[in-house]
Protein chains: 8
Amino acid sequence: MKEEIRELLLAVERHEMTVDDAMLKLREEPFVDIGFANVDLHRKIRQGQAEVIYGAGKTAEQIEGIIRVMAEHGQNRVLVTRLDAEKAAQIKSDEPFVYYEQARIGLTGGMPEPDGIGTIVVATGGTSDIPVAEEAAVVAESYGNKVIRLYDVGVAGLHRLLKHTDELMQASVVIAIAGMEGALASVIGGLVDCPVIAVPTSVGYGAAFGGVTALLSMLNSCASGVSVVNIDNGFGAGYLASMINHKSPAVRP
Amino acid sequence: MKEEIRELLLAVERHEMTVDDAMLKLREEPFVDIGFANVDLHRKIRQGQAEVIYGAGKTAEQIEGIIRVMAEHGQNRVLVTRLDAEKAAQIKSDEPFVYYEQARIGLTGGMPEPDGIGTIVVATGGTSDIPVAEEAAVVAESYGNKVIRLYDVGVAGLHRLLKHTDELMQASVVIAIAGMEGALASVIGGLVDCPVIAVPTSVGYGAAFGGVTALLSMLNSCASGVSVVNIDNGFGAGYLASMINHKSPAVRP
Amino acid sequence: MKEEIRELLLAVERHEMTVDDAMLKLREEPFVDIGFANVDLHRKIRQGQAEVIYGAGKTAEQIEGIIRVMAEHGQNRVLVTRLDAEKAAQIKSDEPFVYYEQARIGLTGGMPEPDGIGTIVVATGGTSDIPVAEEAAVVAESYGNKVIRLYDVGVAGLHRLLKHTDELMQASVVIAIAGMEGALASVIGGLVDCPVIAVPTSVGYGAAFGGVTALLSMLNSCASGVSVVNIDNGFGAGYLASMINHKSPAVRP
Amino acid sequence: MKEEIRELLLAVERHEMTVDDAMLKLREEPFVDIGFANVDLHRKIRQGQAEVIYGAGKTAEQIEGIIRVMAEHGQNRVLVTRLDAEKAAQIKSDEPFVYYEQARIGLTGGMPEPDGIGTIVVATGGTSDIPVAEEAAVVAESYGNKVIRLYDVGVAGLHRLLKHTDELMQASVVIAIAGMEGALASVIGGLVDCPVIAVPTSVGYGAAFGGVTALLSMLNSCASGVSVVNIDNGFGAGYLASMINHKSPAVRP
Amino acid sequence: MKEEIRELLLAVERHEMTVDDAMLKLREEPFVDIGFANVDLHRKIRQGQAEVIYGAGKTAEQIEGIIRVMAEHGQNRVLVTRLDAEKAAQIKSDEPFVYYEQARIGLTGGMPEPDGIGTIVVATGGTSDIPVAEEAAVVAESYGNKVIRLYDVGVAGLHRLLKHTDELMQASVVIAIAGMEGALASVIGGLVDCPVIAVPTSVGYGAAFGGVTALLSMLNSCASGVSVVNIDNGFGAGYLASMINHKSPAVRP
Amino acid sequence: MKEEIRELLLAVERHEMTVDDAMLKLREEPFVDIGFANVDLHRKIRQGQAEVIYGAGKTAEQIEGIIRVMAEHGQNRVLVTRLDAEKAAQIKSDEPFVYYEQARIGLTGGMPEPDGIGTIVVATGGTSDIPVAEEAAVVAESYGNKVIRLYDVGVAGLHRLLKHTDELMQASVVIAIAGMEGALASVIGGLVDCPVIAVPTSVGYGAAFGGVTALLSMLNSCASGVSVVNIDNGFGAGYLASMINHKSPAVRP
Amino acid sequence: MKEEIRELLLAVERHEMTVDDAMLKLREEPFVDIGFANVDLHRKIRQGQAEVIYGAGKTAEQIEGIIRVMAEHGQNRVLVTRLDAEKAAQIKSDEPFVYYEQARIGLTGGMPEPDGIGTIVVATGGTSDIPVAEEAAVVAESYGNKVIRLYDVGVAGLHRLLKHTDELMQASVVIAIAGMEGALASVIGGLVDCPVIAVPTSVGYGAAFGGVTALLSMLNSCASGVSVVNIDNGFGAGYLASMINHKSPAVRP
Amino acid sequence: MKEEIRELLLAVERHEMTVDDAMLKLREEPFVDIGFANVDLHRKIRQGQAEVIYGAGKTAEQIEGIIRVMAEHGQNRVLVTRLDAEKAAQIKSDEPFVYYEQARIGLTGGMPEPDGIGTIVVATGGTSDIPVAEEAAVVAESYGNKVIRLYDVGVAGLHRLLKHTDELMQASVVIAIAGMEGALASVIGGLVDCPVIAVPTSVGYGAAFGGVTALLSMLNSCASGVSVVNIDNGFGAGYLASMINHKSPAVRP
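Residues numbered from 1 in each chain as written. Chains lettered and ligands numbered in written order. Predicted model: local features only at pLDDT ≥ 70, side-chain atom pairs only at ≥ 80, totals over all residues. Heavy atoms only, no water.

The helix and strand tally for chain A stands at eleven helices and nine strands. Residue burial in chain A is summarised as follows: out of 253 residues, 61% are buried. Taking the intrachain contacts of chain A between residues at least 6 apart in sequence as the baseline, contacts between residues at least 24 apart amount to 67%. For chain A, the accessible surface area stands at approximately 9,400 Å², while carbon and sulfur atoms represent 52% of it. (Helix = DSSP H or I, 4+ residues; strand = E, 2+ residues; numbered from the N terminus. Buried < 20%, exposed > 50% of the residue type's maximum accessible area, 1.4 Å probe, protein only. Contact = heavy atoms within 4.5 Å. Areas by Shrake-Rupley, 256 points an atom, 1.4 Å probe, with all protein chains shown as cover.)

Below you can see the structure in the form of structure tokens.
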């Protein structure tokens, strides 16, 4: 961005552009161009956030269209979240469109090679939490992370979790996913010394209140290093875990 | 009770009492006398519930008075709960009045010998939960139970809890006391096969909501065998644990 | 478990096993094997917790498969909860599969003889609470308890409850099940001197808030000896009641 | 009111008043004068609502002043609610000013003779509910009702309540006051066939939520004939009970 | 009841009955027979509470059956609430079965003549509140009350309400029914000097929270004489209004 | 109104009307006629509130009928809100009936020319908020306002919003519509110096609680000049914005 | 702002400034300078928002200091909100510092002459709401508005409000302030055709929940034209009312 | 740990230890020793978690004692959180004890040199959030992080935040701290592409509900990469930020 403004100023200095044209140019540009656009573009290029399509509430045709436009702009890897199987089956694209059923995610452009600094462990309390976990795992994988899945390791059978101490201890980030009382996050938080992203799920009944109990429980974790995202927000957890696992400010401009 | 009614009927049969007097007698008796009193008396005699005085909101003089009246009716062991140290210091009684400061409990008549069928383990997540735990423990002891205290064994440092697997495994009942996210109840519930009474405490801040998060968490425990009492209700937990630890219906009339 | 570790140590001592193989063996075993497995196995053998299948969200084929595997491992009595009638009709098994419609429970292996120390009373406030009550009752029966059902004895017609004073007084445990204002637990708690497990139900409308009012009411019971499980949690109440009714720590190893 | 308007119209007809003056008169009068004032005055005269001063947040001098003004307008019986003992001691008035300490109510003009159609029973679950109960009782008495007090008859000791079946059965209205789980209203509602006004109190701790649990419980009462007022609203209950107990539409204009 | 006990005592006195038989008789009787049954029967006879069938969740056949049994016991007037039109059309009975569609109520035995001491006004804030209002009105009518309906008189158009000042002023009881902000109860409570029964409805959206806002608003009414029943509880309001409108303790035994 | 009363008084003065007839006349008139009707009529005439029909819960025939009656009384512009497409297709009217699908609004009488003092900006955080926004926009347009739509300018991509600084700065009123965390209202409130009407939407999941989070967030806006309407209340926002944009008390009578 | 950028571009064109200096200049300026500063300054100049000091949590010295700095920058009229009397007494300033006790507001520079397009009516339900009302009123006055106060006109005594129909009808904006059930906003909203800003207050007890009931009630107002600010937010209401009452987009640049 | 078990097995193999002694040794060790201790110790050594003392509820003497013991075990850097100034002044230690007043933190052992991979930005919405921010900042600094503070950059004055785009863009982690509506987290989350840790604060009043609104708002952030910790939990945020900023799994064993 700086360069573009410099070019414009140089053009004015060289009388190649009138002051009025320069004014117009500055105003015509989307605001973001004066200081913000680079932020935004930098982000698109490096992390591919722009490739994500929220599939719920869009028709198969709309999704196809967005994928096509993105491909024309060089975005070949596109992630479609919250996409049901029926709609996924209708989507046609030039590149192979792979559908991850449990994760309810469609992907074009293929899975990238992992390039993070470590592994991301995705752990769930029960089997009903798996859809949220798969959303987190597939998102993390499609952003270039190695993912280890530890499912159904809830605290009511502690030995199931403790068997996996090694994987947990060596993780770069752990995503702890649980409904009901959400105790998994605290127990894992007490075992590891890496960041734990807690995802409450709407699994449970009665006083589980659709995930509120797990959410509150996780926010009050007595273990340090635990933070929380919204109920059932597998996407957010996978995305944040990838950020943490790719952290290398040295390579930033 | 049955005997009293029988006596009355016999007196009528023997013409020692008129029908009108019998009617009067039946109506004058507190209702409980016709079917319920025995329930109530049986309870007083065997479990001493009547000996409990809720100390909060009563003056030292009032408490002294109640203790005296109880002693006159043969109740020598009296428990005064929610009693602060200052008020306790003012109470005078013929029998020694012992004050348990952390439990905020005063006791006359001395601690009984344990006569339960096993031990009661009282475990807490942190050190701030100890006052509630002591209330539960002293109540249980004064109803004739052996109590093992496992304090500060919260799930954020799981090894502290796991060191005590033996005590937990051999308990007759476990009282699991925790604030914040209340995960202790679930973890203990997954380790033992005896009843777990969960007591949420008001320990914590922010989204702990004065114990509500721990309460909800405990109600949603993924471990079977866990039930819950009110926030900070150490008395209730100790009392219920004693009931379970003394269970022997064979000796009932 | 101790014995297995002893065998392993003896084998090392006798040079029948190398130190490396012993190391491997210790690590290969599920963690639970070093101190926890016995807990877990003990539990399976004595209380059959492992025999419970949560039927909701599983297909008839999946349930059949689990029952078959369990049978191969010697578990002939298997309880399937939250199982709807249609799915139940599709399940085929070598052993007779009995379906309890109101309880929404399927059972293979037949009902055991009661071997508890007393009876469990299951009481409901209204007729709409019966499905939850039946879940509790059938669970308790399948764990070897004698169950007395007292349905529709809500406090708005107190005499209906008081007629059953005898059954209540002689119970080992009472499960009090009610929606709306949940007052049943307090009234029963005031009549008996055994543990009362309160189960709030989602019966009611408006400010009943799907069971929350009954839940809060039960947690605040002015009667001692009352503890609470999650809304509509008939299974949990039946399981816990069985634990209390089978309590005999003397026979523990 | 009608008469005043008629007078005005007659004056116009008789040319004793100009149309403009009549217009002015109609507009000058407080709106209430055209149809509403009689409502309001009728009320003051018959039920004395206007005599009530809410004492909290007023100084002793202010209260004295209001009492004096009221006396000048013929209101000799004045009720001051939410008045603490210290402030009450400072109030001087020509007529005797009686202070009811538990009810936190001051009264000038003396208690009237009861003139209702029956008795009002005021029942409480515990002793801590008594201040609210006394507020209700003294308010009812000062509006001319006979009040029977049944305190500490909570459902955890059902026989205490059942002893008073006769008083309850013969009441014109029952005010049921309870904190904690608020079950008293349902139990009484099931015993009597007169209106029950339920008053939740802020007595309790933890999940009592300052009276919210009792409030919800009472709103969901399974007994018919129960309605609810705000938490700790003794005044409202006493006032409404008096309305019901004085009901005689025949004597209305 | 007293008479039956007296008969029994006389029989013992006359040696017509042995003491053991008398004991047995006293215990065999449902508890309610010793002091409570009359309460209950009195109620059935005078107010017909027993005639109410909660139709939701019952089949047409079940409802027919209950009506037949009631008829055999002399109960010819039977009210079936929460009954949908389709089910109502299937019900056959000897006596005419009239269905009130808006009220979702079926009635056998015909409407009684009004015999209350005044009229009951049923007012609603909007037209969406009418089903709840009709439930209240038809219930009140079938218990022998004259009902005046004032629908759609919400406070946003105050003049619609004020037109009916006369009806309101002369009512014996007013039932104020409103959703959304529930202000109707306060405004009516400020206009009349008779009891106001406020019924919050689940009408509204967003922050109306299914009636909770109206409920809270009504509980906090700044007008005296207002009490509240559960959300959408038209039946309860109609029943309670009838109680108040029939109050005549003089005729009680 | 004043004139009518004056006429009546003059008629009495001139003996053209008897006092009794005048009394009758005054009482017969709806109350609103004595001081209130003008308020109401003034409103109908100037702002057309009376033209709004809430379409939900009304049949196509009912809506047609109301439109016809309104037309007969000179109301040619009628707005039907919350009207689904299917029902809209069935409505027949003499004047063209235009249906705005996203806004779910039907309109007869055509859009008026804008006559407000400025423009109303309707901004949304996301695309899912558009139905609520269109309701607000079409309502505002049909009350004679120029509306600028800025959709999908949520704060997660701040540059999208900042591009429109000019439109925002020149607005007379801004309607800020957002679900999830509702931050849009605060950010816009900090940019503009005109009133901001915040509309929380039910867009979101989990801890969005159907719009409650956005509602609370908007109520706590740290920017001055922000006020809030109910969740999803596009109509209310459009109506209020029109009021503000038409403010000219000088032209009032 | 545009002018400054033009100047800079012209300087570059004229070679009076190097491109690097221009770049530096553009980046050094606070961001606001490139498009936003004028917004901000415009605001300070025209509406004086910058003159407001939130007094709570600041010492008298700090407040004095800020007032002095503001005066040096030409801001002579400074408003200090949430200022208690004791602190106000300690503040010394060159200009007279007037303290409005009920409003808890201090003001230097004197009250301006009203220059709005109409009057602002500030109405309260009760006398306890007056501090919030005075905050709103004094804020509105110090921003140049004529304010009419209508206090204690709650809906429980409707005639008190209706007496002031004229003032309400002629208002430019009405601020309706009430605690408890908050019905005042709806009733006023139904009477006037100008914007109504509803301010819930924390006045009340029990189920008033510190203003939440009034807040919810106001959000659900059945009257159009009502919007809501935070509980007890008198400042916000006064500020917004002034915005609406000064609306004149014609004079904007 | 593995080594210790190997040693033990070797000793058994070499007949230097009996099988019984080995058994005893295995059981005597705290459980943690068999697999967990290293986790725990590793943590202490590398991240110093054990050095944190929660100061609230401890006396100055207790804190001194813990510091002394820690020093004896080689822990020279000890952090005491939630420590008020008065208590801090009483603490004596051999090493200098520095007190950070705004952060309410005491520190022995001096601040370490930053050794993280980037900088941590701590931003607040207002000045009242600073104590929480300082807790986060000082914690982060004492764990070896470079911290940039951006205080009072709330979204109501967006330009204040946008001036710091560079610092934000170059951060390794951002801690966004805000009360009231908590919009800061979303706005920052939309500007940066590093993890954002959101800390809701209890700053605000009314519907801020002690931080709940900010908490909910942050959980629903429409920006990706945002996670949330408990209300006012500055410590947790600083600790987690340090974890993320020190991430280097390569150096792990």
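Turning to the pattern of salt bridges, a few remarks are in order. A full pass over the atoms with the stated rule returns 32 salt bridges over all chains. Residues Glu 134 of chain C and Arg 149 of chain C are paired through a salt bridge, measuring 2.7 Å at the closest nitrogen-oxygen approach. Taken together, the positions of Glu 134 of chain C in helix α6 (residues 130–142) and Arg 149 of chain C in strand β6 (residues 146–150) put the pair 15 residues apart, joining distant regions of the chain. For Glu 134 of chain C, a relative accessible area of 11% corresponds to the buried category. One continuous salt-bridge network, built from bridges that share partners, spans Glu 134, Glu 141 and Arg 149 of chain A. (Salt bridge = Lys/Arg side-chain N within 4 Å of Asp/Glu carboxyl O.)

A separate point is the packing of helix α10 (residues 212–219) of chain A against helix α10 (residues 212–219) of chain B. Contact geometry for α10 of chain A and α10 of chain B: axes closest at 9 Å, N-to-C directions at 125°. The pairing of α10 of chain A with α10 of chain B is recorded here as oblique in orientation. You can see that α10 of chain A and α10 of chain B cross each other, and the crossing is left-handed. Between α10 of chain A and α10 of chain B, the contacting residues are Thr 213, Leu 216 and Ser 217 of chain A on the first element and Thr 213, Leu 216 and Ser 217 of chain B on the second. (Axes fitted to C-alpha atoms, helices over the stretch in contact; angles between N-to-C directions. Parallel < 35°, antiparallel > 145°, perpendicular 65-115°, else oblique. Left-handed = near helix turned anticlockwise from the far one by under 90°.)

Residue and element names in this part refer to chain A. In this model, chain A carries an average pLDDT of 82, and 84% of its residues clear a pLDDT of 70 or more. Contacts from residues 27–50, a stretch scored under 50 in pLDDT, to residues over four places away or in other chains number 59 contacts. Ignoring residues within four places in sequence, the model shows residues 249–253, a span with pLDDT below 50, making twelve contacts including any to other chains. Here the complex is predicted with pTM 0.85, and the ipTM for its interfaces comes to 0.81. (pLDDT = per-residue confidence, 0-100.)

Looking now at the side chain of Asn 230 of chain B. Mapped onto the elements, Asn 230 of chain B comes out in the loop between β9 (226–228) and α11 (234–245). The buried category is assigned to Asn 230 of chain B, whose relative accessible area is 3%. A distance of 3.1 Å separates a polar atom in the side chain of Asn 230 of chain B from the backbone oxygen of Tyr 205 of chain D. In this view, Asn 230 of chain B contacts Val 199 and Pro 200 of chain B, Leu 219 and Asn 220 of chain C together with Tyr 205, Gly 206 and Ala 207 of chain D; residues no more than four positions away in its chain are not counted. (Polar contact = N/O pair within 3.5 Å; in protein donor to acceptor, adjacent residues only side chain to side chain.)

Another aspect to go through is the packing of aromatic side chains. In this description, a pair of aromatic rings is defined by centroid distance and the angle of the planes. On inspection of all chains with the given rule, the structure shows 16 aromatic pairs over all chains. Both rings, one in Tyr 143 of chain F and one in Tyr 239 of chain F, keep their centres 5.4 Å apart while their planes meet at 85°; by these two values the pair is edge-to-face. Remark: Tyr 239 of chain F occurs in helix α11 (residues 234–245) and Tyr 143 of chain F occurs in the loop between α6 (130–142) and β6 (146–150); sequence separation between them is 96 residues. Exposure remark for Tyr 239 of chain F: the relative accessible area of 1% places this residue in the buried category. Feature note: the residues Tyr 143, Phe 235 and Tyr 239 of chain A constitute an aromatic cluster, connected by ring pairs. The ring of Tyr 205 of chain A has Arg 82 of chain C lying over it, and the distance from NZ or CZ to the ring centre is 5.0 Å. (Phe/Tyr/Trp six-rings, centres within 6.5 Å; stacked < 30°, edge-to-face > 60°. Lys NZ or Arg CZ within 6 Å of the ring centre and 35° of its normal.)

This part is about the sheet that holds strand β4 (residues 105–108) of chain B. All names here are of chain B. Taken in spatial order, the four strands line up as β1-β2-β4-β3 in an open sheet, and their pairing is mixed. In this open sheet, the two edge strands, each paired with only one partner strand, are β1 (52–54) and β3 (97–100). The mean angle between the axes of side-by-side strands here comes to 20°, regardless of whether they run parallel or antiparallel. Pairing of β3 with β4, which is carried by four bridges, proceeds in the antiparallel orientation. Of the residues in β4, the one forming a bridge with Tyr 100 is Ile 105. (Pairing = 2+ DSSP bridges.)

Residues and elements named next belong to chain E. Pairing is mixed across the open sheet formed by four strands, whose spatial order is β1-β2-β4-β3. What marks the edges here is a single partner per strand, and that holds for β1 (52–54) and β3 (97–100). Averaged over all pairs of adjacent strands, the angle between their axes in this sheet comes to 20°, without regard to strand direction.

Attention now goes to α10 of chain A. For α10 of chain A, a buried count of eight out of eight residues is recorded, marking the element as mostly surrounded by other parts of the structure. Here α10 of chain A has its buried residues at Val 212, Thr 213, Ala 214, Leu 215, Leu 216, Ser 217, Met 218 and Leu 219 of chain A.

Moving on, we get to the environment of Ile 120 of chain F. Residues and elements named next belong to chain F. By the element assignment, Ile 120 lies in strand β5 (residues 119–124). Sequence separation between Ile 120 and Val 174 is 54 residues, and the spatial gap between their C-alpha atoms is 5.7 Å. Leave out the neighbours within four places in its chain, and Ile 120 touches Ala 140, Asn 145, Lys 146, Val 147, Ile 148, Val 173, Ile 175, Ala 241, Ser 242 and Asn 245.

Below, the discussion takes up the packing of helix α6 (residues 130–142) of chain A against helix α11 (residues 234–245) of chain A. Residue and element names in this part refer to chain A. Put simply, α6 and α11 touch, their axes get as near as 7 Å, and they point 35° apart. α11 is crossed by α6, and the crossing has right-handed handedness. Residues Val 132, Glu 135, Ala 136, Val 139 and Ala 140 of α6 form the contact with α11, whose participating residues are Gly 234, Phe 235, Gly 238 and Tyr 239. In terms of residue class, the contact of α6 with α11 is built from six nonpolar, two polar and one charged. (Nonpolar A, V, L, I, M, F, W, Y, C, P; charged D, E, K, R; others polar.)

Residues and elements named next belong to chain B. A large share of strand β7 (residues 173–178) lies buried, amounting to six of its six residues. Bridge analysis of strand β5 (residues 119–124) against β7 gives five bridges, and the strand direction is parallel. Paired with Ile 120 across the bridge in β7 is Val 173. One ladder, built from five bridges, connects β7 with strand β8 (residues 196–200); its direction is parallel. Within β8, the residue paired with Ile 177 across the bridge is Val 199. For the handedness criterion, the β-α-β arrangement of β7, helix α9 (residues 184–191) and β8 is classed as right-handed. (Right-handed = clockwise from strand over helix to strand, strands pointing away.)

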